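Single-letter residue listing:
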Amino acid sequence: DGLVPTYLDPETGAWNSDHITLGALGDSYYEYLLKQWLLSGKTDTRYKEMFEQAADSIINKLVKPTGSGGAGMYLAEMKRGAPLSKMDHLACFAGGMFALA
């Protein structure tokens, strides 16, 4: 679905964590999918496709309303496939990332 955990096993190349976040340890992955496509002059479409898949999953799984009135929004994290009602301050880059897209 385009969302990746925070840790990668350097020997096997397999993801080996159950924590998904746009905060610390996860932010750069999503940010650079988009930037790599832009830096290629929009010619390397694999990064665009990976970003679009991740962006759809971020919107559908991690964007949550704040409070009972839902006047604001935040980017939740996931652990073991379930959303966590927590947003790391490093996830604040996401607004700019979506604006660039």
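Residues numbered from 1 in each chain as written. Predicted model: local features only at pLDDT ≥ 70, side-chain atom pairs only at ≥ 80, totals over all residues. Heavy atoms only, no water.

Re the nonpolar core
Thinking step 1. Within the largest apolar cluster, 19 residues are counted, with the highest numbers of intra-cluster contacts made by Leu-3, Leu-22, Tyr-30, Ile-58 and Met-97.
Thinking step 2. Breaking this core down by element, the ones donating at least two residues are helix H1 (27-39), helix H2 (45-62) and helix H3 (94-100).
Thinking step 3. Sort the elements by how many residues they give to this core and H2 lands first, with five residues. (Core = buried A, V, L, I, M, F, W, Y, C linked by side-chain atoms within 4.5 Å. Buried < 20%, exposed > 50% of the residue type's maximum accessible area, 1.4 Å probe, protein only. Helix = DSSP H or I, 4+ residues; strand = E, 2+ residues; numbered from the N terminus.)

Considering the side chain of Ser-57
Thinking step 1. By the element assignment, Ser-57 lies in helix H2.
Thinking step 2. For Ser-57, a relative accessible area of 8% translates into the label buried.
Thinking step 3. Apart from residues no more than four positions distant in its own chain, Ser-57 is found in contact with Asp-1, Gly-2, Leu-3 and Leu-62. (Contact = heavy atoms within 4.5 Å.)

Looking at the side chain of Thr-6
Thinking step 1. As for its placement among the helices and strands, Thr-6 is situated in the segment before strand S1 (19-20).
Thinking step 2. Taking relative accessible area as the criterion, Thr-6 reaches 11% and is therefore assigned buried.
Thinking step 3. Among the polar contacts made by the side chain of Thr-6, one reaches the side chain of Ser-17 at a distance of 3.3 Å. (Polar contact = N/O pair within 3.5 Å; in protein donor to acceptor, adjacent residues only side chain to side chain.)

Observations regarding the environment of Asn-16
Thinking step 1. Along the polypeptide, Asn-16 turns up in the segment before S1.
Thinking step 2. On the basis of relative accessible area, Asn-16 is assigned to the partly exposed category, the value being 46%.
Thinking step 3. Separated by 40 residues in sequence, Asn-16 and Asp-56 place their C-alpha atoms 23 Å apart.
Thinking step 4. If we ignore the near neighbours within four places in the chain, the residues touching Asn-16 are Tyr-7, Leu-8 and Asp-9.

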